[in-house]
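Observations on chain architecture
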Amino acid sequence: MNLIFLGQQGAGKGTFAQYLGNTKGLVQISAGDLLRAEVKAETETGKKAKEIMNKGLLVPDELIAELIEKKIEKEKNNGIILDGYPRTLKQAELLENIINHLNMKINAVINFTISDETTFERIGGRLTCKTCNKVYHEKFLPPKEKGKCDVDGGELIIREDDKKQAIMKRLEEYKKQTKPLIDYYKEKGLLKEVDAEPILDKIKPIFDEIIKEIEN
Ligand SMILES: [Zn+2]
């Protein structure tokens, strides 16, 4: 089974990817993680990407597609979940070439939907330890002592990325990019919507049903 997960921040894509990893052995593939790993390993691609990013430019779609293809090919027999990739119509078209090239197929695209308010609620309260980068949440995962990391007592801060203004900007960008993507997969008959608004325990049975449907 090969899936694509779409959904704005806070929709819980990562949680469901992990869940399917544990229950079905699917491998979660994130373009961002792949890129970071290449940069860290200082591969040729990694060096190229770093140079581009250092100039403040976006890494070209073709370079990311190369990484994605390598990884998909490696995990072909396990089944995959593309988490947060593709992001744009152009990336979706590149992905289609990759999938065809590898003689595979995408079984479904699952779009996890939540309101902007819920995104703010879930992401907005995020606190990060200045020392070890452990992530807490004011409401859902508070530290034992206010403002201090449980592990090392480090100061907990709100990262620039997690400030409301930044979240709003990202949401706008996400919607603009994703709208044509959603139409594209709808037209192909691949799109499934999951209302990710309720708590996890309530979504899980619905999600399980959808997966069963895809498997058949
Ligand atoms: Zn810490």
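Reading the values: the criteria
- Residue positions are given per chain, counted from 1 along the sequence in the order it is written.
- Local features in a predicted model are, by the rule used here, given only for residues with pLDDT of at least 70; side-chain atom pairs are given and counted only at 80 or more, and totals for whole chains, interfaces and linings are based on all residues.
- Water and hydrogen atoms play no part in the side-chain values, which are based on all heavy atoms of the structure.
- Exposure is judged per residue with a 1.4 Å probe applied to protein chains only, and the accessible area is read against the type maximum: over 50% gives exposed, under 20% gives buried, and values in between give partly exposed.
- Each helix is a run of H or I in the DSSP string that is no shorter than four residues. Each strand is a run of E no shorter than two, and both are numbered from the N terminus.
- The pairing criterion is simple: DSSP has to find at least two bridges between the two strands.
- Interaxial angles span 0 to 180 degrees and are taken between N-to-C directions of axes, which are lines fitted to C-alpha atoms, for helices over the stretch in contact.
- Contacts are residue-level and defined by heavy atoms, with any inter-residue pair within 4.5 Å sufficient.
- For Na, K and Ca the donor cut-off is 3.2 Å; for every other metal, N, O and S atoms count as donors within 2.8 Å. Water does not enter the count, which can leave sites looking incomplete.
- Definition used for salt bridges: Asp or Glu carboxyl oxygen within 4 Å of a side-chain nitrogen of Lys or Arg.

Counting buried residues along strand β1 (residues 2-7), 6 of its 6 residues qualify, which places the element largely inside the surrounding structure. Here β1 shows two buried faces, one formed by Asn2, Ile4 and Leu6 and the other by Leu3, Phe5 and Gly7. The pairing of β1 with strand β3 (residues 80-83) spans 4 bridges and is parallel. When the bridges of β3 are listed, Ile4 appears paired with Leu82.

This next bit is on the sheet that holds β3. With respect to topology, 5 strands assemble into an open sheet ordered β2-β3-β1-β4-β8, the strand pairing being parallel. Bordering the open sheet on either side are β2 (27-29) and β8 (191-195), each of which pairs with just one other strand. Taken pair by pair, the neighbouring strands of this sheet meet at an average axis angle of 25 degrees, ignoring direction. Here strand β4 (residues 108-113) runs beside β8; their pairing, made up of 5 bridges, is parallel. When the bridges of β8 are listed, Val109 appears paired with Leu191. Together, β1, β2, β3 and β4 form the strand contacts of helix α1 (residues 13-24), whose direction differs from that of β1 by roughly 160 degrees.

Now for the environment of Thr88. Looking at the element boundaries, Thr88 is found in the loop between β3 and α5 (89-101). The spacing of Thr88 and Arg36 is 52 residues in sequence and 20 Å in space, taken between C-alpha atoms. For Thr88, the contacting residues outside a window of four places in its chain are Asp61, Gln177 and Leu181.

So, about the coordination of the zinc ion. At the metal site, the zinc ion is ligated by Cys129 (SG), Cys132 (SG), Cys149 (SG), Asp152 (OD) and Asp152 (OD), and these contacts range over 2.3 to 2.6 Å. Sequence spacing among the residues donating to the zinc ion works out to C-x2-C-x16-C-x2-D. You can see Cys129 sitting in strand β5 (residues 126-129) and its partner Cys149 sitting in the loop between β6 (135-137) and β7 (156-157), a full 20 residues away along the chain. The class for Cys149 is buried, based on a relative accessible area of 5%.

With that settled, the discussion passes to the pattern of salt bridges. Within this structure, the stated rule accounts for 21 salt bridges. Its salt-bridge partner being Lys192, residue Glu213 comes within 3.2 Å of it at the nearest N-O pair. Within this pair, whereas Glu213 is found in helix α8 (residues 200-215), its partner Lys192 is found in strand β8, the two being separated by 21 residues in sequence. Judged by relative accessible area, which is 26%, Lys192 ranks as partly exposed. Linking Glu209 and Lys212 is a salt bridge whose minimum nitrogen-to-oxygen distance equals 3.7 Å. Remark: Lys212 and Glu209 occur in helix α8; sequence separation between them is 3 residues, near one turn of the helix. Classification of Glu209 as partly exposed rests on a relative accessible area of 46%. Taking relative accessible area as the criterion, Lys212 reaches 48% and is therefore assigned partly exposed. A cluster of three or more residues bridged by salt bridges with shared partners is formed by Arg126, Arg159, Asp161, Asp162 and Arg170.

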